[in-house]
Amino acid sequence: MGLFDYIKKALNQNKDKNKYLSGFKSTNNKIEATLNKIDVLSKEKQESFMEELMITLLEADVGYETSKIACDLFYGKIQELNFVTKRDIKYKLYETFYEIYKDREVDDLKITKGEVNVILMSGVNGAGKTTTSAKIAHQLKNQGYTICLVAADTFRAGAVKQLEEWSKIVGVDFFKGKDGEDPSSVLISAARYCKEKNIDVMICDTAGRLQNKVNLMNELDKMIRVIKKEIPNAPSESLLVIDANTGQNGINQAKLFNEITNLTGVILTKMDGTSKGGIILGIKNTINVPVRFIGLGEKIDDLSKFSIEMYLYSLIGEVSEYQ
Ligand SMILES: Nc1nc2c(ncn2[C@@H]2O[C@H](COP(=O)(O)OP(=O)(O)OP(=O)(O)O)[C@@H](O)[C@H]2O)c(=O)[nH]1
Ligand SMILES: [Mg+2]
């Protein structure tokens, strides 16, 4: 089976196909527009095409470093052909991105039976941490786990209430500290509470923090050190939530949060908006942390396991019609 057949098979099995396609529509249009200028790519036109491709990738938020790697890899691939058609270009783009995105299998969240598993959610203000905590709680509850949503955002007024409301909607346990309590201390009490109640997963929603605010990043570091005293393996998952519309800054966020929290995954939210989507390749190539989920809306069900095949198809589109 060729790469594209494989991708198509994965696509047809994915229930979120239409959401993906609509989420990446604007970038798909741009790539299409670049390709539509070409029928056959003669040797003379290759250089100017490569420039256009680089610009298209930069505009899609892939980031300079990763765009450069992609273009070099892609250029090498088309050099092997005597005659380059639009279909070849698409096919080689698939191959290029597929190669850049190593470790393509997306693991389920790591949950060990018989212990309290801590999922730590971090990210900058408004990225979607609280909503995504609820969406994950909902998915894990449906898989049969007992969940406690923990309000470790003691910073923003209303944050605790927001999570509490979600816990009622999802129908899972909820834990909060006292007003103004230090978030690390909330985590300790939450861990004890979850152990006592034999909760499988505690999902810790934290306050939004800018990656360049040292004291807030130190607070996050402290939370991780402290929770380990109660639960040595914690956090079993450390997930960074990034608003996909953030563009290049998202790659910086990923780098800095990764230094502090040792990320096990990234969640890109608001992919249903005007996001350009290229950031997924940029993040993976820059910090080698996989994108685990993408947020495709504000509702509790609008969280999809990331699929590189779906993603590439949504960006590059159909290949066979050019055969
Ligand atoms: N369209 C869309 N909206 C989303 C998605 N995820 C979150 N939102 C919205 O983004 C806004 C912010 O979400 P929150 O979950 O409160 O973000 P947060 O990171 O917890 O924010 P702070 O706690 O203030 O840092 C809300 O209006 C959410 O409904 C998504 O995948 N798609
Ligand atoms: Mg929040």
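Residues numbered from 1 in each chain as written. Chains lettered and ligands numbered in written order. Predicted model: local features only at pLDDT ≥ 70, side-chain atom pairs only at ≥ 80, totals over all residues.

(A) Quick peek at the overall build of the protein. Helices and strands together make up the secondary structure of the protein, namely 13 helices and 10 strands. Taking the principal axes of the C-alpha coordinates as reference, the protein spans close to 70 × 40 × 30 Å. Of all 323 residues assigned to the protein, the portion counted as buried reaches 46%. Sequence separation of at least 24 residues holds for 77% of the intrachain contacts in the protein that already meet a minimum separation of 6. (Helix = DSSP H or I, 4+ residues; strand = E, 2+ residues; numbered from the N terminus. Buried ≥ 20, exposed ≤ 12 C-beta atoms within 10 Å, placed from the backbone. Contact = placed C-beta atoms within 7 Å.)

(B) Seen up close, the environment of F24. Assignment of secondary structure puts F24 in the loop between helix 2 (17–23) and helix 3 (25–36). On a C-alpha basis, the gap between F24 and L312 in space is 9.6 Å, while along the polypeptide they are 288 residues apart. Sequence-distant contacts of F24, that is, excluding residues within four places in its chain, are made with G277, S314 and L315.

(C) Examining the pairing of strand 6 (residues 201–206) more closely. In terms of residue burial, strand 6 counts as a mostly covered element, since 6 of its 6 residues are buried. On strand 6, burial covers both faces: V201, I203 and D205 on one face and M202, C204 and T206 on the other are all buried. By the bridge criterion, 6 bridges tie strand 4 (residues 147–152) to strand 6 in an arrangement that is parallel. In the strand pairing of strand 6, A152 is matched with T206. (Pairing = 2+ DSSP bridges.)

(D) Representation of the sheet that holds strand 5 (residues 173–176) within the structure. In space, the 8 strands of this open sheet follow the order 5-4-6-3-7-8-9-10, with mixed pairing throughout. Strands at the two margins of the open sheet, each flanked by one partner only, are strand 5 and strand 10 (303–305). Each strand axis lies, on average, 25° off the axis of its neighbour in the sheet, ignoring direction. In this structure, strand 4 lies alongside strand 5, joined through 4 bridges in parallel fashion. (Axes fitted to C-alpha atoms, helices over the stretch in contact; angles between N-to-C directions.)

(E) Up close: the nonpolar core. Ranked by internal contacts, the top residues of the largest apolar core, which has 93 residues, are V150, M202 and I203. By residue number, the principal contributor to this core is helix 13 (residues 308–316), which donates 7 residues. When residues no more than four places from it in sequence are discounted, the contact partners of V150 are F175, V186, L187, A190, M202, I203, C204 and D205. (Core = buried A, V, L, I, M, F, W, Y, C linked by C-beta atoms within 7 Å.)

(F) Main features of the packing of helix 1 (residues 3–12) against helix 6 (residues 86–100). Relative to each other, helix 1 and helix 6 sit at 75°, their axes nearing to 10 Å. Looking at the two axes, helix 1 sits roughly perpendicular to helix 6. Judged by residue contacts, L3, F4 and I7 of helix 1 engage Y91, Y94, E95 and Y98 from helix 6. Of the residues that constitute the contact of helix 1 with helix 6, the class distribution is 6 nonpolar, no polar and 1 charged. (Parallel < 35°, antiparallel > 145°, perpendicular 65-115°, else oblique. Nonpolar A, V, L, I, M, F, W, Y, C, P; charged D, E, K, R; others polar.)

(G) Fine view of the packing of helix 5 (residues 64–79) against helix 12 (residues 279–287). Two elements in contact, helix 5 and helix 12, have axes separated by 9 Å at closest approach and are oriented at 95°. Classified by the angle between their axes, helix 5 and helix 12 sit roughly perpendicular to one another. Each of E65, T66 and I69 in helix 5 lies in contact with helix 12, whose residues at this interface are L281, G282, N285 and T286. Here the residues of the contact of helix 5 with helix 12 are counted per class, giving 2 nonpolar, 4 polar and 1 charged.

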